[in-house]
Amino acid sequence: MNWLSDTQVAFIEARLAERGLRDGELRNELLDHLCCVVEEQLAVGYPFAQAVEIAFALFPPGTLKRIESETDSITLQKKTIMKATTLFVFSLLLSIPTYLWVWQIDPPTIAPLAGPLHITSGFGERMHPLRKVKLHHRGVDFRAPYGTPVVATGDGVVAKVERQPTGYGNRIIIRHDEQFQTSYGQLAEIQVVEGQSVKRGEVIGTVGSSGDSTGPHLHYEVMKDGQAQNPEAYFQP
Amino acid sequence: MFSNQLLKGHLQTIVLQLLTDRGRMYGYEISQAVKSMTAEKIILTEGALYPTLHKLRAQGLVRTEVLVVGKRRRKYYELTPAGREASVSRVREFFEFVQTMQLLLGGRGKSTDHELA
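Draft legend 1. Quick look at the overall build of chain A. Assigned secondary structure in chain A consists of four helices and twelve strands. Out of the 237 residues belonging to chain A, those deemed buried represent 30%. Across chain A, contacts joining residues at least 24 apart in sequence account for 61% of those joining residues at least 6 apart.

See below:
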């Protein structure tokens, strides 16, 4: 079989374009189809012009555009599905930080000392035992024997370790999540370092009297968004 | 020649089975093969063939490859592994359908003949 010349192919393609078919994958495919038919007709003796008419007769009016719109909608459906899938995966990825954040809300839930609790000074207004003035007490004091283990009241990360001869004395601050921090003051020993992850119930130090203090006790604070809370609301006494 | 109505549900099966038998084919080749194999009783019109091919591709049952033949770009169709599986199951399904249709339309007469004989 003789191949069509470039001019002949161009002629057929121009006819296809005339029928309103967009340039692209489908038009190339149908062009090849038409050329095959024309070549076949030439081989059995038809002149070119007539062979082209026979080839285009295979596509009655409207057929070419219908094929185009049908294949368009098929590929469009596929694209839409892919788009929807991509969007879904993307939104899932976007929401991961939210999940993590929600999951990370982890307020303190237990008492900082194991065993019986002796609260010697509660949260709120009180007479300061050393300064002898009314001051707001930001936490709760637990009396306990020197060396009693102190535990983390929730999962978190050690945000700060301080060692001072006055004030809070040896002190640990644990960050539990975006909202909650707890503070453990007047410690004898500190058994964690800054940046360390701790689990609820894990021993972090021991009771002492390292700062402004009249005897061995634990000064425990709960902070929510930086505001001191009544710690007694965060454990079952 | 069979009506388009009758053929409609089987176009994909026909194309899948042809590609199973012959491997890689292009559109015109497929239409010619169907024509000659069925002594022109089934004409796969161009208007039906190409949407069917594109649908099969969208379903992942065939893949395409464009080869430059002379000055033209010729698109070849070939079964994917999923297409091979679909071909087997659809041909099987078709024969089951034919057998069932025979029960309804023609099989009863024949089996009665057989019982009488």
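Draft legend 2. The arrangement of the overall build of chain B in detail. When you go through chain B residue by residue, the secondary structure sums to six helices and three strands. Helices and strands appear in chain B in the N-to-C order α-α-β-α-α-β-β-α-α. In chain B, which comprises 117 residues, the share counted as buried stands at 27%. Residue pairs at least 24 apart in sequence account for 51% of intrachain contacts in chain B once pairs closer than 6 positions are excluded.

Draft legend 3. Spotlight on the nonpolar core. Among the nonpolar cores identified, the biggest contains 38 residues, and Ile12, Leu34, Cys35 and Val38 of chain A together with Val15, Leu19 and Ile30 of chain B are the most heavily contacted of them. At eight residues, the largest contribution of residues to this core is made by helix α2 (residues 25-43) of chain A. Those residues in contact with Cys35 of chain A that sit more than four places away from it in its chain are Leu4, Val9 and Ile12 of chain A together with Arg72 of chain B. Grouped together as the second largest cluster of nonpolar side chains are 19 residues, Val150, Ile173, Val198 and Leu218 of chain A included.

Draft legend 4. Looking closely at the interface of chain A and chain B. Across the contact, 21 residues belong to chain A and 16 residues belong to chain B. Where the side of chain A that touches chain B is concerned, the elements lending two or more residues are α1 (6-18), α2 and α4 (63-104) of chain A. Sort the elements by how many residues they give to the side of chain A that touches chain B and α4 of chain A lands first, with nine residues. For the side of chain A that touches chain B, the class distribution of residues is nine nonpolar, six polar and six charged.

Draft legend 5. How the structure looks around unusual backbone geometry. In this model, Gln186 of chain A sits at a positive phi of 65°, which is unusual for a non-glycine residue. If you trace the backbone, Gln186 of chain A turns up in strand β8 (residues 180-190). The phi dihedral of Glu40 of chain B is positive, around 65°, even though this residue is not glycine. By secondary structure assignment, the location of Glu40 of chain B is in the loop between α3 (27-37) and α4 (46-58).

Draft legend 6. Seen up close, the pairing of strand β2 (residues 124-127) of chain A. Bridge count for β2 of chain A against strand β3 (residues 134-137) of chain A is four bridges, and the pairing is antiparallel. Each residue of the ladder has a partner; that of Met127 of chain A, found in β3 of chain A, is Lys134 of chain A.

Draft legend 7. Highlighting α2 of chain A. All names here are of chain A. Look at α2: 27 Å from first C-alpha to last across 19 residues, which is about the 27 Å you get at 1.5 Å a residue. Considered for burial, the residues of α2 that qualify are Leu26, Glu29, Leu30, Leu31, Asp32, His33, Leu34, Cys35, Cys36, Val37 and Val38. One or two steps after α2, the chain reaches Gly45, where phi turns positive at roughly 110°.

Draft legend 8. Fine view of the sheet that holds strand β1 (residues 25-26) of chain B. With antiparallel pairing, the three strands of this open sheet are ordered in space as β1-β3-β2 (chain B). The strands lining the two open edges of the sheet, one partner per strand, are β1 and β2 (62-69) of chain B. With eight bridges connecting them, β2 of chain B and strand β3 (residues 72-79) of chain B associate as antiparallel partners. The partner of Val68 of chain B across the bridge, within β3 of chain B, is Arg73 of chain B. Strands β1 and β3 of chain B of the sheet are contacted by α2 of chain A, whose axis makes an angle of about 100° with β3 of chain B.

Draft legend 9. Region of interest: the packing of helix α2 (residues 11-22) of chain B against α4 of chain B. All names here are of chain B. Their axes nearest at 10 Å, the elements α2 and α4 cross at an angle of 70°. When the interaxial angle is binned, α2 and α4 end up roughly perpendicular. For the pair formed by α2 and α4, the contact residues are Leu11, Gln12 and Val15 on the first element and Ala48, Thr52, Leu53 and Leu56 on the second. Grouping the amino acids of the contact of α2 with α4 by side-chain chemistry returns five nonpolar, two polar and no charged.

Parameters at a glance
- Residues numbered from 1 in each chain as written.
- Chains lettered and ligands numbered in written order.
- Predicted model: local features only at pLDDT ≥ 70, side-chain atom pairs only at ≥ 80, totals over all residues.
- Helix = DSSP H or I, 4+ residues; strand = E, 2+ residues; numbered from the N terminus.
- Buried ≥ 20, exposed ≤ 12 C-beta atoms within 10 Å, placed from the backbone.
- Contact = placed C-beta atoms within 7 Å.
- Core = buried A, V, L, I, M, F, W, Y, C linked by C-beta atoms within 7 Å.
- Nonpolar A, V, L, I, M, F, W, Y, C, P; charged D, E, K, R; others polar.
- Pairing = 2+ DSSP bridges.
- Expected span 1.5 Å × (residues − 1).
- Axes fitted to C-alpha atoms, helices over the stretch in contact; angles between N-to-C directions.
- Parallel < 35°, antiparallel > 145°, perpendicular 65-115°, else oblique.

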